[in-house]
Structures are given as C-alpha cells and as structure tokens.
Amino acid sequence: MTKNIIETKNLTKIYGEQKVVDNVNLHVQKGRIYGLLGRNGAGKTTIMKMILGLTTTNSGEITVFGNSITGNEKLIYPRIGAIIETPGFYPNLTGTENLEIFAKLRGTAKPDAVKHALEIVGLPYKDKKVFSKYSLGMKQRLGIANAILHEPELLILDEPTNGLDPIGIAEVRKFIRNLCNERGITILISSHILSEIALLADDIGIIHNGVLLEENSLAHLQKMNDKYVQLEVSDTARAAVILEQKLGISEYSVQADNILRIYKAHIDMALVNKTLMLENISVISSQLCNDTLEDYFKKITGGEGIA
Ligand SMILES: Nc1ncnc2c1ncn2[C@@H]1O[C@H](COP(=O)(O)OP(=O)(O)O)[C@@H](O)[C@H]1O
Ligand SMILES: [Mg+2]
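Residues numbered from 1 in each chain as written. Chains lettered and ligands numbered in written order. Predicted model: local features only at pLDDT ≥ 70, side-chain atom pairs only at ≥ 80, totals over all residues. Heavy atoms only, no water.

1. A closer look at the site of ligand 1
Here is the rule we go by: Nearness here has a simple test: a residue counts as near a molecule or strand if at least one of its heavy atoms is within 4 Å of that partner. Here a polar contact is taken to be a pair of N or O atoms separated by no more than 3.5 Å, where protein atoms must pair a possible hydrogen donor with a possible acceptor and residues adjacent in sequence count only if both atoms sit in side chains. The Shrake-Rupley method, run with a 1.4 Å probe sphere, supplies the accessible areas, and residue values consider only the shown protein chains as cover. The numbering of helices and of strands both runs from the N terminus, where a helix is a DSSP run of H or I of at least 4 residues and a strand a run of E of at least 2.
Around ligand 1 sit Tyr 15, Gln 18, Val 20, Arg 39, Asn 40, Gly 41, Ala 42, Gly 43, Lys 44, Thr 45 and Thr 46, and that is every residue in its neighbourhood. Take Gly 41: an N or O atom from its main chain is 2.6 Å from an oxygen atom of ligand 1. A distance of 3.1 Å separates an oxygen atom of ligand 1 from a polar atom in the backbone of Ala 42. Considered on its own, ligand 1 offers 560 Å² of accessible surface; in the complex 59% of this is hidden by protein. Contributions of two or more residues to the shell around ligand 1 are made by strand 2 (18–24) and helix 1 (44–51).

Here you go:
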C-alpha cells in the first residue's frame, strides 16, 4: 500500500472572485519526489502555503502525515522543512552565522546540524562571506540548508531553482535527489519548467488555472507519450475487444472519434488490419506517432503549454 504523506481533498482558495486553487486533490507519496508543475499564476505557491498553514483555505481538507493539519500544527510542522519565497536571512552575517541563529531559534538541532546542512548543499562551513555578498545560487542553497537543519521528514520547496544557471540547477537537482534517496525524505517541489520537473520528480501534478489537470508518475506519463500506433476504426469498442482477445494486445487506449491507440511501436500492422477486417471493422487509417511530454502538456493545458 502506498502511503500518502500529504493528501488534499477538494482544496480550494478564493481571492476576490477568482478560484486560484480549485478543488485540488493532491497525493504526495512517502519517500518520493512530487513535482507540482504549472505556469506562473497557476496556484502552486498558494497550495504550498495552505499545506504549511501560512494562508487559510476556503474549503477542502489537508492531511499531512496522516493527520488533518487543523489542530495538529504542533505535531506536524516541526517535521516539515520548507522554503516558500525568499527566506529572511540577515544580510550582514555569514551563512554559518545565519544558520546558527535559526538552529538556536528552533531549539531542536543537533550540535553539528549547521555544518552538516551546509555540507549537503555544498556551501562552506565558517566561511567569512556575508549573506549580502552571496550569489543567487548560494542564497538558494542556504535557504535549502536552513530548511533541512532539523532533519525534516518532508521538504516543501517552492521553485528552488528559480533564477539559477543550468549548472546550478543541475547541482541543486542532484542534492535534492540525494536527500530523497539517501535519507528517505519526501519532497514536494514546484516549478514552471517542464524539463526540470521531468528530470527530478517521481510523480507529477500539473496545475493550470488552479485546477489539477493530471496527477501521475513520471514513468506512466512517459510511457503514455511513447511511440504508439494510432488507428482510426469504425467501431472502437469492438476493435478493443478484438485486439485483446484475438491479438493479445492489452496496451491500448480508446480516444475520442473512432481513434484507438496501441502503445507498442512494433506490431504487425498487416495482421491487425486483417484481423479487424475479418470481424467487419474497417480500418480507416493507421499511423505511427510519437508525442513528447511537452506536446502532452500543451494539449492538456489547452495549447498554451508550460515553459
Ligand atoms: N495574496 C493574494 N491576494 C490576491 N491574489 C493572490 C494572492 N496570492 C496569489 N494570488 C493570485 O493567485 C493566483 C495563484 O498565485 P500563485 O499561487 O502565486 O501561483 P504560482 O505560484 O503558481 O505562480 C495568481 O493569479 C495570483 O495573482
Ligand atoms: Mg509561485
């Protein structure tokens, strides 16, 4: 059984007249990286803020670690690390000094917590450089170090690679992956960049205008968008039965308008045609197709796409 570390039920947030989060049912599974993907303004930050209790909900439920967040704040929030927008660090202190203050404030960290967290994100310990002199990449890393100081079981990262260069993005991706694989930390991460999420996440939720349009494993999404043969037939329901029963093909889907897709690039089309025709199903057309994930996202977000 898969265990959900975060679950939302019909989560809704209204600003003014606008439903910026619209009946969202999110499922973040234990020990996995969940990528929340959506354009700017889609509702990603608002969802994360609601999960963290930083903003109220209009309706719906949020469960974290199996408990409703309402009334269980003291139990839940010490077990979460998060960065939402820019963390407030002191500009005239070094990274180490900043983290030591946060560690003390939380009062939970082990003696070498700061050193350890800096090591994970690849920042020097007891370096002389003050925060205001940090590059954007270093600031982002310090933010993540701060979020993992208390060894949380769940990490919520809102666009942690925003504004980083490609090398910086790759490095951040690597240690986020390590946090998940080596420490078993469950991670909810958001991004507006498809390629970034596709390289990091195990599961993807696509949010568009506040609506969660799709939620699935990356592996499944990739498979769905792999090579397939698209058939236009006179009767999809009967064709499907024949594919399964006479040809042993089970990886197919029935689309709208007499279209059926077989997710297998190498099939004997002559045999498929012949078998269907013998059952009085006409094959109007057949073609080999190959959608990319990007094509898919464009399609489900109504042509606008993501990134
Ligand atoms: N405090 C607020 N007051 C009014 N509208 C807001 C507020 N915060 C966010 N919004 C609106 O809610 C929508 C979703 O925003 P947000 O969750 O920040 O999206 P994302 O993080 O995906 O870019 C946007 O249209 C944004 O303008
Ligand atoms: Mg945002």
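2. Re helix 5 (residues 136–148)
Applicable threshold: In a helix, the anticipated span is given by 1.5 Å times the number of residues less one. Exposed residues in this analysis have more than 50% of their type's maximum accessible area, buried residues have under 20%, and partly exposed residues fall in between, with area computed by a 1.4 Å probe over protein chains only.
Its 13 residues place the ends of helix 5 19 Å apart at the C-alpha level, agreeing with the 18 Å of an ideal helix rising 1.5 Å per residue. With eleven of its 13 residues buried, helix 5 lies for the most part within the structure. Of all the positions in helix 5, only Gly 137, Met 138, Gln 140, Arg 141, Leu 142, Gly 143, Ile 144, Ala 145, Asn 146, Ala 147 and Ile 148 are classed as buried.

3. Overview of the sheet that holds strand 7 (residues 80–83)
In a beta sheet, neighbouring strands pair by backbone hydrogen bonds and run either parallel or antiparallel. So the rule is basically this: Pairing between strands is defined by DSSP: at least two bridges between them are needed. Interaxial angles span 0 to 180 degrees and are taken between N-to-C directions of axes, which are lines fitted to C-alpha atoms, for helices over the stretch in contact. Any two residues having at least one pair of non-hydrogen atoms within 4.5 Å are treated as being in contact.
Sheet architecture is open: six strands sit in the order 7-8-9-4-10-11, paired in mixed fashion. Either end of the sheet is taken by a strand with one partner, and the two such strands are strand 7 and strand 11 (211–217). Taken pair by pair, the neighbouring strands of this sheet meet at an average axis angle of 15°, ignoring direction. Direction of pairing for strand 4 (residues 33–37) relative to strand 9 (residues 186–191): parallel, over a ladder of five bridges. Residue pairing for strand 9: Leu 36 is matched across the bridge by Ser 190. Sitting on the sheet, helix 1 is in contact with strand 4, strand 8 (154–158), strand 9 and strand 10 (203–208), with an inclination near 150° to strand 9.

4. A few points about the sheet that holds strand 15 (residues 283–290)
Within the open sheet, the four strands sit side by side as 13-14-12-15. Their pairing is antiparallel. The sheet is open, and its two borders are formed by strand 13 (252–254) and strand 15, each paired with just one other strand. Taken pair by pair, the neighbouring strands of this sheet meet at an average axis angle of 20°, ignoring direction. As paired strands, strand 13 and strand 14 (residues 259–262) are joined by three bridges and run antiparallel to one another. Bridge assignment links Ser 253 to a residue of strand 14, and that residue is Arg 261. Relative to the sheet, helix 10 (residues 269–278) contacts strand 12 (227–233) and strand 15, its axis offset from that of strand 12 by approximately 25°.

5. Considering the packing of aromatic side chains
Inclusion rule: Side-chain rings of Phe, Tyr and Trp (the six-membered ring for Trp) are treated as a pair once their centres are within 6.5 Å; stacked means planes under 30 degrees apart, edge-to-face means over 60, and tilted covers the remaining angles. Each ring is checked for a lysine NZ or an arginine CZ that lies within 6 Å of its centre and within 35 degrees of its normal; such an atom marks a charge sitting over the ring.
The tally for this structure, following the rule as stated, stands at five aromatic pairs. An angle of 55° between the planes, with centres 5.1 Å apart, marks the rings of Phe 89 and Phe 131 as tilted. Linking Phe 89 in the loop between strand 7 and helix 3 (95–106) with Phe 131 in the loop between helix 4 (113–121) and helix 5, this pair joins segments that are 42 residues apart in sequence. Judged by relative accessible area, Phe 89 falls into the buried class, the value being 9%. Since its relative accessible area comes to 10%, Phe 131 is described here as buried. Each ring, one from Phe 131 and one from Tyr 134, has its centre 5.7 Å from the other, and the planes form 45°; the classification is tilted. Take Phe 131 and Tyr 134: they sit in the same class, and that class is buried. Ring pairs connect the aromatic residues Phe 89, Phe 102, Phe 131 and Tyr 134, which therefore count as one cluster. Geometry around Phe 131 places Lys 139 over its ring, the cationic atom sitting 5.3 Å from the centre.

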